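# Examining the three-dimensional arrangement
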Amino acid sequence: MMDYKALIQAAFSARLNAYAPYSSFQVGAALLGKNGKVYLGCNVENAAFAPTNCAERTAVFSAVCDGEQEFIAIAIVGGKEQTKNFADCFPCGVCRQVLQEFCHPDFSIIVAKSDDDYQIYSLAELLPHGFGKTDLH
């Protein structure tokens, strides 16, 4: 069985490195590779807004850069700076599409308020009828 709490705690740790001077909304992600390694990501904002990168994509891109392209699960946490009350932080549409590129429909997306308060969704639930590699053949 997967250690959801450890993955969620890693996401909270990654959140602390978020660069969010414009929204003050810090997001952390912890992506579990098939190789057993956990890849961390945080959101990185930009004054021009369009170049901003979400935590989920940061984690995926870090993993791919490290040579890993197969994943088991991702934990996502988020909230305003200094908050102690976290809200559910679902991946945006772009992040869902990036996950679609590398993950199976049953890939687990853990949306957490704490390591005891979380929900688990499959990629297929959050991106029904997703467009992927097989659609190009």
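Anything mentioned here points back to the structure above.
Residues numbered from 1 in each chain as written. Predicted model: local features only at pLDDT ≥ 70, side-chain atom pairs only at ≥ 80, totals over all residues. Heavy atoms only, no water.

## What about the packing of aromatic side chains?
Rules: Between rings of Phe, Tyr and Trp, where Trp is taken as its six-membered ring, a pair exists when centres lie within 6.5 Å; planes separated by under 30 degrees are stacked, by over 60 edge-to-face, and by other angles tilted. Think of it this way: any DSSP run of H or I at least four residues long counts as a helix, any run of E at least two long counts as a strand, and we number them from the N terminus.
Taken as a whole and judged by the stated rule, the model has 5 aromatic pairs. Ring geometry for Y22 and F49: centres 6.0 Å apart, planes at 70°, overall edge-to-face. Within this pair, whereas Y22 is found in the loop between helix 1 (4–15) and strand 1 (25–33), its partner F49 is found in the loop between strand 2 (38–42) and helix 2 (55–65), the two being separated by 27 residues in sequence.

## Some points on the nonpolar core
For soluble globular proteins, nonpolar side chains are generally found buried alongside one another. How we decide: Put simply, a nonpolar core is a bunch of buried Ala, Val, Leu, Ile, Met, Phe, Trp, Tyr and Cys residues held in one set by side-chain atoms that sit within 4.5 Å of each other. Throughout this description, buried means an accessible area under 20% of the type-specific maximum (1.4 Å probe, protein chains only), exposed means over 50%, and partly exposed covers the range between. Contacts were defined at the residue level, with two residues in contact if any of their heavy atoms lie within 4.5 Å.
Counting residues in hydrophobic clusters, the biggest one holds 22 residues, and the most contacted among them are L31, I74, L99, F107, I109 and L123. Elements that contribute at least two residues to this core include exactly strand 1, helix 2, strand 3 (71–80), helix 3 (93–102), strand 4 (108–112) and helix 4 (123–126). With 4 residues, the top contributor of residues to this core is helix 2. Not counting residues up to four positions away in its chain, the partners in contact with L123 are R96, L99, Q100, C103, H104, P105, F107 and I109. Listed in part, the 14 residues of the second largest apolar core include Y4, I8, I110 and A112.

Purely geometric stuff here, so don't read any function into it on its own.
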